[in-house]
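Now for the letters of each chain:
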Amino acid sequence: MPAARAARTCALLALCLLGGAAQDFGPTRFICTSVPADADMCGAAVAAGGAEELRGSVLQLRETVLQQKETILSQKETIRELTAKLGRCESQSTLDAGAGEARPGGGRKQPAAGKHTLGDPSRTTQAAETLSQLGQTLQSLKTRLENLEYSRLNSSSQTNSLKDLLQSKIDDLERQVLSRVNSLEEGKGGPKNDTEERAKIESALTSLHQRISELEKGQKDSRPGDKFQLTFPLRTNYMYAKVKRSLPEMYAFTVCMWLKSSAAPGVGTPFSYAVPGQANELVLIEWGSNPMEILINDKVAKLPFVINDGKWHHICVTWTTRDGVWEAYQDGTQGGNGENLAPYHPIKPQGVLVLGQEQDTLGGGFDATQAFVGELAHFNIWDRKLTPGEVYNLATCSSKALAGNVIAWAEPHIEIFGGATKWTFEACRQVN
């Protein structure tokens, strides 16, 4: 009787194993185990074979992990190759230099959300739009060329010859820009060609702007040396002006200027002053949706200026190192003040003063997202705090208005780069 019961038990165990198995494990063998009469025989069988099943599962999982690891390594290599290719393309096809909320040294960057990310197809579109903007700049040159009074040149033959020469240069530039845009749309052109072509276009633009500015200056020999303005038509990292003289050590200052802009978001950087070891010694900047700020030795004060309405505005900022007291004036009226802005820190001498760009390094490291877009004039700096009356005289173009005793606005003091242009100053005519 016990032998018959054992046989039946083995048979039932075999049925449990066959019914519960989900896979074919190859040749099988049956193991008879003695269990109590009232026990769950299928559960016992599973317990008996659990170790074997777990071992098989572990081996399968290990094989799956190895396969996935090989796949990931292959994908990483593919991503690395694509990243390298895209990096080479984007380094030449965009003027963007990458962004962050802030960088070491306190300079301001556009938020990363406003930048194109790696692999974004809109980078090519942006490059094409930038070159299209260059085409618009060329059109403005045409207009200026047509408005020149050639009658003041020596003879009509000289007039026609010079006009034809300048017109030919403009036509050549337009063809280069159009060719570059077409190449971008067709996906052609390598990084080397991009660099060479861009350098040629920028060089030609600069020389053409300078030549036309010389002609305009020749037509206005009788005007005072301060009756001019600078125009920065594009948000680039190569259009700027440099003040030829540096600042002395200052324990107080007043900086004033006329600005006109409708750029958004933010008008950019009207001026920046960098010294060795400190790129943000003195900076005026408006970036993104933030208010305009004044930076002194990386310390920041937010200013109440609202100027990006396409109209001329006169702004002044005064500061003294004692307690870091500052005041802000717009159109002759004080709109804000504060203290504890870089207290007891004198402005350091022997730096580089740039108009239209924010410096990341001494005299360079420009970022297109921080560039000033608009018109700027009568940039003056004093080594003292001006009175409210003196500021008002400047804002109303009074004959009593003072010129800066540290930096005075005059054409011989300004050097222009990258196609920033000079025009006749218009703001005071509008004020008066």
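By convention here, each chain's residues receive numbers from 1 onward along its written sequence. Only residues with pLDDT of at least 70 are given local features in this predicted model, and only at 80 or more are side-chain atom pairs given and counted; all residues enter the totals for whole chains, interfaces and linings. No hydrogens and no water enter the side-chain calculation; it runs on all heavy atoms of the structure.

Engineer: Quick rundown of the sheet that holds strand β5 (residues 278-286)? Include the residues and the values.
Structural biologist: Each pair of strands is called paired provided DSSP finds at least two bridges between the two strands. Where helices and strands are cited, they refer to DSSP runs of H or I of at least four residues and of E of at least two residues respectively, numbered from the N terminus. If you walk across this open sheet you meet the seven strands as β7-β6-β5-β4-β11-β2-β13, and the pairing is antiparallel. Among the strands making up the open sheet, the edge pair consists of β7 (299-302) and β13 (414-417). Strand-to-strand twist of the sheet, defined as the mean angle between neighbouring strand axes without regard to direction, takes the value 20°. The pairing of β5 with strand β6 (residues 293-296) spans four bridges and is classified as antiparallel. Opposite Leu282, over in β6, you have Ile296 as the bridge partner. Axis angles are defined between N-to-C directions and span 0 to 180 degrees, where every axis is a line fitted to C-alpha atoms and, for a helix, only to the segment in contact.

Engineer: Describe in detail the sheet that holds strand β10 (residues 333-338), supporting the description with residues and values.
Structural biologist: Overall, antiparallel pairing links the seven strands, which are arranged β10-β9-β8-β3-β12-β1-β14 in an open sheet. If you trace the sheet from one side to the other, it starts and ends with β10 and β14 (421-424), each paired once. For this sheet, the mean angle separating the axes of adjacent strands, direction not counted, is 25°. With nine bridges connecting them, strand β3 (residues 252-260) and strand β8 (residues 312-320) associate as antiparallel partners. Counterpart to Val255 in the pairing with β8 is Val317. Along the sheet face, helix α6 (residues 388-395) touches β3, β8, β9 (325-330) and β12 (374-382) and points at about 155° away from the line of β8. Pairs of residues are marked as contacts when any of their non-hydrogen atoms sit within 4.5 Å.

Engineer: Give a description of the pattern of salt bridges that names residues and reports values.
Structural biologist: Should a side-chain nitrogen of Lys or Arg be within 4 Å of a carboxyl oxygen of Asp or Glu, the pair is scored as a salt bridge. Counted under the stated rule, the structure contains four salt bridges. In this structure, Lys422 and Glu411 form a salt bridge, with 3.5 Å as the shortest nitrogen-oxygen distance. Separated by eleven residues along the polypeptide, Lys422 in strand β14 and Glu411 in the loop between α6 and β13 bring together distant segments of the chain. For every residue, the accessible area (1.4 Å probe, protein chains only) is compared with the maximum for its type, and the residue is labelled buried under 20%, exposed over 50%, or partly exposed between those bounds. In this structure Lys422 comes out as buried when scored by relative accessible area, which is 17%. With relative accessibility at 9%, the residue Glu411 sits in the buried group.

Engineer: Tell me about the packing of aromatic side chains, residues and numbers included.
Structural biologist: Aromatic rings from Phe, Tyr and Trp, with only the six-membered ring used for Trp, were paired whenever their centres fell within 6.5 Å, and each pair was classed as stacked if the ring planes differed by under 30 degrees, edge-to-face if by over 60, and tilted otherwise. Under the counting rule described, the total for this entry stands at eight aromatic pairs. For the ring pair Tyr240 and Phe417, a centre distance of 4.7 Å and an interplane angle of 10° mean the geometry is stacked. In this pair, Tyr240 sits in strand β2 (residues 240-243) while Phe417 sits in strand β13, placing the two residues 177 residues apart along the sequence. The exposure class of Tyr240 is buried, given its relative accessible area of 15%. Residue classification places Phe417 among the partly exposed positions, given a relative accessible area of 24%. Geometry around Phe228 places Lys422 over its ring, the cationic atom sitting 5.7 Å from the centre. Charge-over-ring contacts are defined here by two conditions on Lys NZ or Arg CZ: a distance within 6 Å of the ring centre and an angle within 35 degrees of the ring normal.

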